[in-house]
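Secondary and tertiary structure notes
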Amino acid sequence: MTSLATAVPAVDPPGYELPLLLFAGFRSLIDALHAELSERGHPEVRPAHGFALQAIGPAGASASEIGRRLGVSKQAAGKTVDRLAVLGYVERAGDPADARRKLIRLTPRGLDVLSLSAEIFDRLRAGWVEQLGAPNVAAMESSLRTVVPAAGYPLDVPGWFG
């Protein structure tokens, strides 16, 4: 177990290292998630699909709403939805509130991959707790909550990366 006090270098590291470390931590979690999802029956799911499934949400969403939430065009969102539909994760359905509008909804397979993802992320976090110690992980999460805007977790990573 590493203590945060012993992990602090004697000299401040260059500023560019922080975003790289944060991204590398994110990437290690996402890569581990997708390796396990593959083993558990979802080998075709990609990181962008996870953001799209989250953008669709349990209530469903239109292609325009999905595009806005992901920070991409309606056409780009439509391509992702098309792929998710082929893979069996989403379906198109009429909107009971507006007959002109189509809703994209999660299928049982889509709900399953989100449920599995949550379970796997809990286990991955537990691995970090085992490696770093519960107080260090709690301090890291608390510190990140302090500097991350309170507006919630953005889903627009696909659009943001461009």
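1. What about helix α5 (residues 74–86)?
Its 13 residues place the ends of α5 18 Å apart at the C-alpha level, agreeing with the 18 Å of an ideal helix rising 1.5 Å per residue. By the burial criterion, the buried members of α5 are A77, G78, V81 and L84. For α5, the angular spread of buried residues about the axis comes to 125°, placing them on one side. Pointing more than 90 degrees away from the buried face of α5 are the exposed residues Q75, K79 and V86. Next to the buried residues of α5 lie α3 (47–56), α4 (63–70), β1 (90–95) and β2 (98–106).

2. Concerning the packing of α3 against α4
Here α3 crosses α4 at 120°, and the two axes come no closer than 9 Å. Classified by the angle between their axes, α3 and α4 sit oblique to one another. As for the relative orientation of α3 and α4, their crossing is right-handed in sense. Contacts between α3 and α4 involve F51, A52, A55 and I56 from the first element and I66, R69 and L70 from the second. Partitioning the contact of α3 with α4 into residue classes produces 6 nonpolar, no polar and 1 charged.

3. Observations concerning the confidence of the model for the chain
In the predicted model, the chain carries a mean pLDDT of 89, and 91% of its residues have values of at least 70. Mean pLDDT across the elements of the chain bottoms out in helix α1 (residues 4–7) (57) and peaks in helix α6 (residues 108–132) (97).

4. Looking at the packing of aromatic side chains
Following the criterion strictly, the structure yields 1 aromatic pair and no others. Between F23 and F26, the ring centres sit 6.2 Å apart and the planes meet at 35°, which makes this aromatic pair tilted. Taken as a pair, F23 and F26 lie in helix α2 (residues 17–39) at a separation of 3 residues, close to a single helical turn.

5. Examining the pattern of salt bridges
Counted under the stated rule, the structure contains 9 salt bridges. The salt bridge partner of R27 is D31, with a shortest N-O separation of 3.0 Å. On the criterion of helical spacing, the pair formed by R27 and D31 is a turn pair, its members being 4 residues apart in helix α2. By relative accessible area, R27 is classed as partly exposed at 45%. Where R123 meets E119, a salt bridge forms, and the shortest distance between an N and an O atom there is 3.7 Å. Of the two residues, R123 and E119 both sit in helix α6, 4 residues apart, roughly one turn of that helix. The class of R123 is partly exposed, set by a relative accessible area of 40%.

6. Describing the nonpolar core
The biggest cluster of nonpolar side chains holds 23 residues, and the ones touching the most others in it are L37, L53, I66, Y89 and V90. Mapped onto this core, the elements with two or more residues apiece are α2, α3, α4, α5, β2 and α6. Apart from residues no more than four positions distant in its own chain, I66 is found in contact with A55, I56, A61, A77, V81 and I104.

7. Quick notes on the pairing of β1
If a strand is regular, its side chains alternate between the two faces of the sheet. Relative to β2, β1 runs antiparallel, the two being bridged by 6 bridges. What sits directly across from D95, in β2, is D98. Hairpin connection, β1 to β2: the antiparallel pair is bridged by 2 residues.

Procedures and definitions
- Residues numbered from 1 in each chain as written.
- Predicted model: local features only at pLDDT ≥ 70, side-chain atom pairs only at ≥ 80, totals over all residues.
- Heavy atoms only, no water.
- Helix = DSSP H or I, 4+ residues; strand = E, 2+ residues; numbered from the N terminus.
- Expected span 1.5 Å × (residues − 1).
- Buried < 20%, exposed > 50% of the residue type's maximum accessible area, 1.4 Å probe, protein only.
- Arc of directions from axis to C-beta.
- Contact = heavy atoms within 4.5 Å.
- Axes fitted to C-alpha atoms, helices over the stretch in contact; angles between N-to-C directions.
- Parallel < 35°, antiparallel > 145°, perpendicular 65-115°, else oblique.
- Left-handed = near helix turned anticlockwise from the far one by under 90°.
- Nonpolar A, V, L, I, M, F, W, Y, C, P; charged D, E, K, R; others polar.
- pLDDT = per-residue confidence, 0-100.
- Phe/Tyr/Trp six-rings, centres within 6.5 Å; stacked < 30°, edge-to-face > 60°.
- Salt bridge = Lys/Arg side-chain N within 4 Å of Asp/Glu carboxyl O.
- Core = buried A, V, L, I, M, F, W, Y, C linked by side-chain atoms within 4.5 Å.
- Pairing = 2+ DSSP bridges.

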